[in-house]
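Inside the fold
Listed here are the chains, written in short residue letters.
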Amino acid sequence: MKNRPSGFGIEKLPRIVRGQGSYLFDAAGKRYLDGSGGPAVFCLGHAHPEVNAAITQQLHEIAYAYRYLFTSSALEHLTETVLRLCGGDFQDIVYTGSGSEAVESAMKIALQHFAARGLRTKRHFIARRRSWHGNTLGALSISDFAQRRRAFEGSLLDVTFVSAANAYRMPDGVSAEDLVAHLAAELEHAIVSLGPQCVAAFVFEPIVGAAGGVVPAPDGYVQAIQSVCRKYDVLLIADEVMCGSGRSGTWRALEHDQVVPDIMSIAKGLAGGYIPLAATLVTARVAAPIRSEHGAFMTGHTFTGHTAACAAGLAVQNIIERDRLLDRVRTVGATLQETIRHALSRFDEVGDVRGRGFFIGIELVRDRQTRLPFSPERALSFDIGARAFADGLICYPCSGNVDGTAGDTIIIAPPYNASDSELEEIVTKFARAVDAALSSS
Ligand SMILES: Cc1ncc(COP(=O)(O)O)c(C=O)c1O
């Protein structure tokens, strides 16, 4: 079939027929354990009866009502719930249908904030190398993912990139002790060089997902960049599309750093993949001038706040809270990371195992001492992903984390309610795939 999708180097995709808990089943009856929720989406696994019942109930009542005409109980309750789960630090939520739109909205709200204050030269964004923020033109412009940008170069926004905050791959000549100060100074230098009057926002992933292979920021980094941003009236936008909504063991990933950003995007774990749902959260400080000058955020789409999607999100969040699943993600996540590290310790090519909660990255290197990557032609992470898939395990291979082209990482991100035995099966099958791929090198 023309235009048939293919993924992770797997040419002929199996046809999915159903999911149940942490497992998916294809038309041939083969079972797959969802060790990564695709790209870290399925926080409650598949076909959760309570989520399905909540969506079905909503569909029976009304699927969707247009946001400029009606509010709904699902939308209001989800909004109250998310604002509360975020610790009461945000005032407003703008719903969207994808992570890219949530990031795009974050960028537009930052620009609108400064326009409302009469600071119309504050238009420029600063982002980080080795980051991914999405596929709309604005979100792609702030993403440093060479393969995904290439075809669109020339039409992207002019964005300034600063170094990634990666303790495993530090800028040349910088020691671990100096890393945070170096990165904060680099950001400050970028803002001053551009002129603070031109810079609207600094955008970053608190734990880098696909572009880095789960890279948490070093301790003290977020506080340091927040104070640089405050000094120059630059907004801090945290993109928690992948790492947020509980994935790293706290509802907001930045709770770990005790930092509240000015604007935050969330998506994947919000409705857990049951219906597309994403959101942008805004603090009172950012919203106030917009409210008084413009009345409302000038962003949003026809399907913003889709009623059935909000019902799905509400059901997912209620279950996670009721079943105290984030406690499980925190405590069992630490054990899972240790178990993966132990299971892979016999492979010299495993350079780093890192992450938080149920968001774990494994980086493979040609040489542990020098941390040199494998050649991109070897496509090692995709080879491991394809072997795991053939063996009935879904994990999330990523490439290019070192320089945009070379680098092999794999993400493990199970559902928050995956059982202990399912987590064991993930580790066993993953180690088997790594072994098979490395043995064939
Ligand atoms: C951190 C981050 N931001 C934004 C996006 C874009 O989200 P979406 O693919 O839902 O548009 C992604 C997707 O993987 C992501 O990981």
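This text goes with the structure placed above it.
Residues numbered from 1 in each chain as written. Predicted model: local features only at pLDDT ≥ 70, side-chain atom pairs only at ≥ 80, totals over all residues.

Let's talk about the overall build of the protein
Formally: The way it works is that DSSP assigns letters per residue, a run of H or I at least four long becomes a helix, a run of E at least two long becomes a strand, and they are numbered from the N terminus. To get the radius of gyration, use the C-alpha atoms; to get the globule rule, take the number of residues to the power 0.38 and multiply by 2.2 Å. Residues with at least 20 other C-beta atoms within 10 Å of their own are called buried, those with 12 or fewer are called exposed, and the rest are partly exposed. The C-beta atoms themselves are positioned from the backbone. C-beta atoms are placed from the backbone for every residue, and two residues are taken to be in contact when these atoms lie within 7 Å.
Helix and strand content of the protein: 13 helices and 17 strands. Scaling as 2.2 N^0.38, a compact globule of 441 residues should have a C-alpha radius of gyration of about 22 Å, and the protein matches this with 21 Å. Across the 441 residues in the protein, those meeting the buried criterion constitute 51%. Excluding contacts between residues fewer than 6 apart, the proportion of contacts in the protein whose partners are at least 24 apart in sequence is 72%.

Concerning the nonpolar core
Selection rule: Only buried Ala, Val, Leu, Ile, Met, Phe, Trp, Tyr and Cys residues enter a nonpolar core, and they are joined through C-beta atoms within 7 Å. Residue ranges assigned to each domain were obtained from an automatic or database domain assignment.
Grouped together as the largest cluster of nonpolar side chains are 134 residues, with contacts concentrated most on Ala110, Phe202, Leu235, Ile237, Ile263, Ala279 and Ala312. Looking at this core, the element that brings in the most residues is helix H10 (residues 307-322), giving nine residues. Taken together, domain 1 (16-48 + 324-439) and domain 2 (52-322) each give at least three residues to this core, which thus spans both. Those residues within four positions of alanine 312 in sequence are excluded, and the remaining contacts are Val51, Ala54, Ile55, Ala271, Tyr274, Ile275 and Leu277.

Thoughts on the site of the ligand
Note the following rule: What makes a residue near a molecule or strand is its C-beta atom, placed from the backbone, lying within 6 Å of it.
Surrounding the ligand, one finds 16 residues, the nearest of these being Gly99, Ser100, Gly134, Val241 and Met242. A per-element tally of the shell around the ligand places helix H4 (residues 99-116) first, with three residues.

Quick notes on helix H12 (residues 380-390)
Extensive coverage of H12 is indicated by the burial of eight of its eleven residues. Contacts made by the buried residues of H12 are with strand E14 (359-364), strand E15 (393-394), strand E16 (396-399), strand E17 (408-412) and helix H13 (420-439). Directly beyond the C-terminal end of H12, a positive phi value near 90 degrees is found at glycine 392.

Some thoughts on the sheet that holds strand E7 (residues 199-204)
For clarity, the threshold we go by: In short, DSSP must find at least two bridges between two strands for them to pair. The convention used is that axes are lines fitted to C-alpha atoms, helices contributing only their stretch in contact, and that angles between N-to-C directions extend from 0 to 180 degrees.
With mixed pairing, seven strands are arranged side by side in an open sheet as E4-E12-E11-E10-E7-E5-E6. Two strands bound the open sheet, and with one partner strand each, they are strand E4 (92-96) and strand E6 (160-162). Strand-to-strand, the axes of this sheet are offset by a mean angle of 20 degrees, without reference to chain direction. Bridge analysis of E4 against strand E12 (residues 278-282) gives five bridges, and the strand direction is antiparallel. Counterpart to isoleucine 93 in the pairing with E12 is leucine 281. This element, H4, spans E4, strand E5 (124-128), E7, strand E10 (235-240), strand E11 (263-266) and E12 of the sheet and lies at about 25 degrees to E12. With respect to the sheet, helix H7 (residues 179-194) is in contact with E5, E6 and E7, its orientation differing from that of E6 by roughly 160 degrees.

Let's talk about the sheet that holds strand E3 (residues 31-34)
The four strands lie next to each other as E1-E2-E3-E15, forming an open sheet whose pairing is mixed. Looking at strand neighbours, the two that pair on one side only are strand E1 (16-20) and E15, the edges of this open sheet. Note: E3 against E15, two bridges, orientation parallel. Within E15, the residue paired with aspartate 34 across the bridge is isoleucine 394.

Thoughts on H10
Using the following cut-off: For a helix, the expected span equals 1.5 Å multiplied by the residue count minus one.
Given a rise of 1.5 Å per residue, 16 residues ought to cover 22 Å, and the 22 Å separating the end C-alpha atoms of H10 matches this to within 8%. The buried fraction of H10 amounts to twelve of the 16 residues, a majority that puts the element mostly inside the structure. Among all positions in H10, only Thr307, Ala308, Ala309, Cys310, Ala311, Ala312, Gly313, Leu314, Ala315, Val316, Gln317 and Ile320 are buried. Contacts from the buried residues of H10 go to helix H2 (49-61), helix H3 (73-85) and helix H11 (325-343). Arginine 324 lies just past H10 and shows a positive phi near 50 degrees.

Overview of the packing of H3 against H10
Threshold: Any angle that is under 35 degrees is reported as roughly parallel, and any over 145 degrees as roughly antiparallel; angles of 65 to 115 degrees are reported as roughly perpendicular and all others as oblique. Left-handed describes a crossing whose near helix is turned anticlockwise from the far helix through less than a right angle; right-handed describes the clockwise counterpart.
Running from N to C, H3 and H10 point in directions that differ by 40 degrees, and their axes come no closer than 8 Å. Put simply, H3 runs oblique to H10. Both H3 and H10 take part in a crossing whose hand is left-handed. Touching Ala74, Leu75, His77, Leu78, Thr81, Val82 and Leu85 of H3 are Thr307, Cys310, Ala311, Gly313, Leu314 and Gln317, all from H10.

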